[in-house]
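# Understanding the architecture of this molecule
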Amino acid sequence: MPTTAYGDPSAPGVVETTTTMVGAGSHIHRRISWAAIFGGVIMIIVVQLLLSMLGAGIGLGTVNVNAGSTPDASSFGIGAGVWWVVSSCIALLFGGYVAAWFAGIEVRFDGMLHGLVAWGIATMLTIYLLTSAVGGIIGGGFSALGGVASAAGSGVKDAAQPLAQATGVSPEMIQQQAQGYLQPANTDPATMSPQEAQKQVASNLVTYAKGGPDAPAAKQQIIAIMAAQQHISQDDATKRFDDAQAKLKQQRDQAVQTAKNAADESAATASRTSFAAFGDLLLGAIAAAIGGSLAVQRRLQVAQRVVR
């Protein structure tokens, strides 16, 4: 069994080291080797890029437009996500192993920490590449997860637009409603409403939409214009006005509900994306720690054979 002794870090000028003794031999090394960690990070990025290019080649190889056998977007998305998780775990397992092996560590916990540090640096570097101009050049293999997150963000933005429109009265809506009020029952040009009548109706619609004490008078003015221009009775004009208002309210309620549904769906998508990213990062950390532990286990086996 190996025994381990740690140097006193409180002594001035002393670098913290680990002395591991196996049988009659011993090995002294620093508790952390940044050079080894850097090598592990390089291997993580290279292996991840290599596997990403392999996955892209396999995925694009399934595209056959002429034969009509091209997978749909959902299948592509699921396949890309699964391949991303698998390739990340393989790359981090290999990088953690390389970091712990190059550090010459013979304490399993230290090996796991080397793998975790390599995982942390590789993760931060990957995020930087994805959010920088460099990511636009070499980030083709890493675009799947970023595409899901950006889709969630754009969904929230798109959901806000109909909600804002549904809560107010735009000039286009007023003009359209005014034209609807004055639309004659037949197509006889002699009974069509003039432009001045449309302007008056539009002006009174603004007053009516604002509410307040002037709203009833504005409503009556609109009804009077409708009755005069369309040659109908006050009761028929009132019924048309009320029907149009009910239809407009229904459209507004539908627009608000659609916006709420879109916002809920966007939030749910963002939540699922966050959980997926958390799971992927957690699996990557576990894989890197396992790689570091395997490297220490292998080094101990080699050391024992050398002693024998």
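Everything below is about the structure shown above.
Read on for a plain summary of the structure. In this text, all values refer to a predicted model and were calculated from it rather than measured experimentally.

Attention now goes to helix 2 (residues 73–102). End to end, helix 2 covers 42 Å across 30 residues, agreeing with the expected 44 Å (1.5 Å per residue, within 8%). Taken together, the buried positions of helix 2 are occupied by Trp84, Ser87, Ser88, Cys89, Ala91, Leu92, Gly95, Gly96, Val98, Ala99 and Ala100. Where helix 2 ends, the next residue or the one after it, Gly104, has phi of about 70°, a positive value.

With respect to the helices, strands and loops of the structure, Ser293 is situated in helix 9 (residues 234–307). Residues in contact with Ser293, not counting those within four places in the same chain, are Arg108, Gly111 and Met112.

Quick look at the side chain of Arg299 now. With respect to the helices and strands, the residue Arg299 is situated in helix 9. Put simply, Arg299 is tucked away with no salt bridge, and the nearest opposite charge, on Glu106, sits 5.1 Å away. From its side chain, Arg299 meets the backbone oxygen of Trp101 in a polar contact 2.7 Å long. Apart from the residues within four sequence positions on either side, Arg299 is in contact with Trp101, Gly104, Ile105 and Glu106.

Moving on, we get to helix 1 (residues 34–61). With 28 residues, helix 1 ought to run about 40 Å at 1.5 Å a step, and its terminal C-alpha atoms sit 40 Å apart, in line with that. Looking only at helix 1, the buried set comprises Ala36, Ile37, Gly39, Gly40, Val41, Ile44, Val47, Gln48, Leu51, Ser52 and Gly55. Buried-residue contacts for helix 1 involve helix 2 and helix 3 (108–130).

All told, the structure shown has four salt bridges when counted by the stated rule. Here Asp242 makes a salt bridge to Lys219, at a shortest N to O gap of 3.5 Å. Of the two residues, Asp242 is situated in helix 9 and Lys219 in helix 8 (residues 215–230); the sequence distance between them amounts to 23 residues. Taking the relative accessible area as the measure of exposure, Asp242 reaches 34% and is therefore partly exposed. Across the salt bridge formed by Asp253 and Lys249, the nearest N and O atoms sit 3.1 Å from each other.

Parameters and conventions
- Residues numbered from 1 in each chain as written.
- Predicted model: local features only at pLDDT ≥ 70, side-chain atom pairs only at ≥ 80, totals over all residues.
- Heavy atoms only, no water.
- Helix = DSSP H or I, 4+ residues; strand = E, 2+ residues; numbered from the N terminus.
- Expected span 1.5 Å × (residues − 1).
- Buried < 20%, exposed > 50% of the residue type's maximum accessible area, 1.4 Å probe, protein only.
- Contact = heavy atoms within 4.5 Å.
- Lys, Arg positive; Asp, Glu negative; His and termini not counted.
- Salt bridge = Lys/Arg side-chain N within 4 Å of Asp/Glu carboxyl O.
- Polar contact = N/O pair within 3.5 Å; in protein donor to acceptor, adjacent residues only side chain to side chain.

The values reported here are purely geometric and, on their own, carry no functional implication.
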